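Each chain is listed here by its residues.
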Amino acid sequence: MVKLIHTLADHGDDVNCCAFSSSLLATCSLDKTIRLYSLSDFTELPHSPLKFHTYAVHCCCFSPSGHILASCSTDGTTVLWNTQNGQMLAVMEQPSGSPVRVCRFSPDSTCLVSGAADGTVVLWNAQSYRLHRCGSVKDGSLVACAFSPDGIFFVTGSSCGDLTVWDDKMRCLHSEKAHDLGITCCDFSSQPVSARSTEDHLKQFTEDWSEDDVSTWLCAQDLKDLVGIFKMNNIDGRELLNLTKESLADDLKIESLGLRSKVLRKIEELRTKVKTLSSEIPDEFICPITRELMQDPVIASDGYSYEKEAMENWISKKKRTSPMTNLVLPSVVLTPNRTLKMAINRWLETHQK
């Protein structure tokens, strides 16, 4: 039977969030404060309430050890607090200045994610309190976030009902319209989520082939006579990698044993090539704003390279700060990074053959 133990009524306005550590309860409110209570008797700690935010506090969360508390607010900041004495450890400003709706620690306490009303998501170094990575979703405010138990992935949920899965390098691994209305919460099960291996990432180069790509590959392998058969059976990249001697004979009706053997040999060579590719997209080829492979890289006055269109959009929204350092940009002039563009093109030629 559920039994009421205690009622806390210290906040002067609506309570937006509450969080537990092993010994404490934290609550935050529209009244701009965070309050800390002992779980032993639900008395408020001497250094509570914690005050800094100038607007409503939307979310609070403990680090896994319980020694640090994070809070985020409409004022565009995420603040870290020492739970033992209430001391403010750091104030981290969202690069866009947008209201911060959610924050979460990684399981090892090394990182903190903050998500904002404009869709920007920031991965902070929780030890140095410096911005580590920055990204954004296309639509809606970010209102929910959770790390996988192993810390390799985290997921964000938006007010438009979109779920986005990111890796620990802020690469977008998956995004989908999960709900018709806004997402209010998301979480992972306690079972570790299997990390996608380098091989899985690289296999996508072939798995993403269209039927026409497969036809081009067949012609390159001197197997153009099979193009019609493969097209008739809708063989794309994924199907190609899964073909066996049985499916070649029974499903594709390739009667010649020698021809089947040749096809299998070429497919096995392709599988081997995929397995032996060892490098993912280099970090320096990824735009810090879009977290996608750059096509037209430019150098900004902060010394970092960005996708031209993304950086122009960033500046056009009157953001005169660096997406990477959050410092004011000395100039808004963008210089084409031709050396980087050539390096990206060479990498693509090597890895997408």
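Residues numbered from 1 in each chain as written. Predicted model: local features only at pLDDT ≥ 70, side-chain atom pairs only at ≥ 80, totals over all residues. Heavy atoms only, no water.

### Side note on unusual backbone geometry
Line of reasoning, step 1. The omega torsion across Ser48 and Pro49 is 5°, close enough to zero to call that bond cis.
Line of reasoning, step 2. For Pro49, the position within the fold is in the loop between strand 3 (33-38) and strand 4 (50-51).
Line of reasoning, step 3. For Ser109, which is not glycine, the phi dihedral falls at a positive 70°.
Line of reasoning, step 4. If you trace the backbone, Ser109 turns up in the loop between strand 9 (100-105) and strand 10 (111-116). (Helix = DSSP H or I, 4+ residues; strand = E, 2+ residues; numbered from the N terminus.)

### As for the pattern of salt bridges
Line of reasoning, step 1. This model, assessed by the stated rule, comprises 4 salt bridges.
Line of reasoning, step 2. Where Glu44 meets Arg35, a salt bridge forms, and the shortest distance between an N and an O atom there is 2.8 Å.
Line of reasoning, step 3. Classification of Glu44 as partly exposed rests on a relative accessible area of 26%. (Salt bridge = Lys/Arg side-chain N within 4 Å of Asp/Glu carboxyl O. Buried < 20%, exposed > 50% of the residue type's maximum accessible area, 1.4 Å probe, protein only.)

### Considering a nonpolar patch on the surface
Line of reasoning, step 1. There is a patch of nonpolar side chains on the surface, built from Phe52, Met88 and Val91 and spanning about 220 Å² of accessible area.
Line of reasoning, step 2. Assignment of secondary structure puts Phe52 in the loop between strand 4 and strand 5 (57-62). (Patch = residues over 30% accessible without salt bridge, like charges linked within 9 Å, V, L, I, M, F, W, Y side chains within 5 Å. Areas by Shrake-Rupley, 256 points an atom, 1.4 Å probe, with all protein chains shown as cover.)

### Section: helix 2 (residues 211-220)
Line of reasoning, step 1. If you check which residues of helix 2 are buried, you get Val214, Ser215, Trp217 and Leu218. Buried residues of helix 2, viewed axially, fall in a sector of 160°; they line one side. In helix 2, those exposed residues whose orientation departs by more than 90 degrees from the buried face are Thr216 and Ala220.
Line of reasoning, step 2. Asp222 occupies a position one or two residues after helix 2 and carries a positive phi of about 60°. (Arc of directions from axis to C-beta.)

### As for the environment of Pro336
Line of reasoning, step 1. Note on placement: Pro336 falls in strand 19 (residues 335-336).
Line of reasoning, step 2. Expressed as a C-alpha distance, the spacing of Pro336 and Pro297, which sit 39 residues apart in the sequence, is 6.2 Å.
Line of reasoning, step 3. Ignoring anything within four residues of it in the chain, the contact list for Pro336 reads Pro297 and Val298. (Contact = heavy atoms within 4.5 Å.)

### Here's the deal with the sheet that holds strand 19
Two orientations exist for strands paired in a sheet by backbone hydrogen bonds: parallel and antiparallel.
Line of reasoning, step 1. Read from one edge of the open sheet, 3 strands run 18-17-19, paired in antiparallel fashion. Two strands close off the open sheet at either side, each with one partner strand: strand 18 (305-307) and strand 19.
Line of reasoning, step 2. The pairing of strand 17 (residues 297-299) with strand 19 spans 2 bridges and is classified as antiparallel. Bridge pairing links Ile299 to Thr335 in strand 19.
Line of reasoning, step 3. Seen against the sheet, helix 7 (residues 308-316) touches strand 17 and strand 18 and runs at an angle of roughly 95° to strand 18. (Pairing = 2+ DSSP bridges. Axes fitted to C-alpha atoms, helices over the stretch in contact; angles between N-to-C directions.)

### Digging into helix 7
Line of reasoning, step 1. Listed as buried for helix 7 are Ala310, Met311, Trp314 and Ile315. Axial view of helix 7: buried residues confined to an arc of 130°, hence all on one face. Of the exposed residues in helix 7, those oriented more than 90 degrees away from the buried face are Glu309 and Ser316.
Line of reasoning, step 2. Taken together, the buried residues of helix 7 touch strand 18.

### Some remarks on the sheet that holds strand 5
Line of reasoning, step 1. Taken together, 4 strands build an open sheet; the order of strands is 5-6-7-8 and the sheet is antiparallel. Among the strands making up the open sheet, the edge pair consists of strand 5 and strand 8 (88-93). In this sheet, neighbouring strand axes are inclined to one another by 15° on average, regardless of whether the strands run parallel or antiparallel.

### Quick notes on the side chain of Thr83
Line of reasoning, step 1. Structurally, Thr83 can be placed in the loop between strand 7 (77-82) and strand 8.
Line of reasoning, step 2. Note on Thr83: relative accessible area 5%, which makes it buried.
Line of reasoning, step 3. A polar contact of 2.9 Å, which involves the side chain of Thr83, links it to the backbone oxygen of Gly66.
Line of reasoning, step 4. Ignoring sequence-local partners within four residues, the contact set of Thr83 consists of Leu24, Leu36, Leu45, His47, Phe62, Gly66, His67, Ile68 and Leu69. (Polar contact = N/O pair within 3.5 Å; in protein donor to acceptor, adjacent residues only side chain to side chain.)

### Observations concerning the confidence of the model for the protein
Line of reasoning, step 1. Here the protein shows a mean pLDDT of 86. Residues at 70 or above account for 92%.
Line of reasoning, step 2. The low-confidence segment residues 192-204 (pLDDT under 50) makes 25 contacts with residues lying over four places distant or belonging to another chain. (pLDDT = per-residue confidence, 0-100.)

### Let's talk about the packing of aromatic side chains
Line of reasoning, step 1. Following the criterion strictly, the structure yields 3 aromatic pairs and no others.
Line of reasoning, step 2. Pairing Phe147 with Phe154 gives two aromatic rings, centres 5.3 Å apart and planes at 45°, and the pair type is tilted.
Line of reasoning, step 3. With a relative accessible area of 12%, Phe147 lands in the buried category.
Line of reasoning, step 4. Both rings, one in Phe154 and one in Trp166, keep their centres 6.2 Å apart while their planes meet at 15°; by these two values the pair is stacked. With a gap of 12 residues between them, Phe154 in strand 14 (residues 153-158) and Trp166 in strand 15 (residues 162-167) connect regions that are remote in the sequence. Here the two residues Phe154 and Trp166 agree in accessibility, since each one is buried.
Line of reasoning, step 5. Members of the aromatic cluster, connected to one another through ring pairs, are Phe147, Phe154 and Trp166. (Phe/Tyr/Trp six-rings, centres within 6.5 Å; stacked < 30°, edge-to-face > 60°.)

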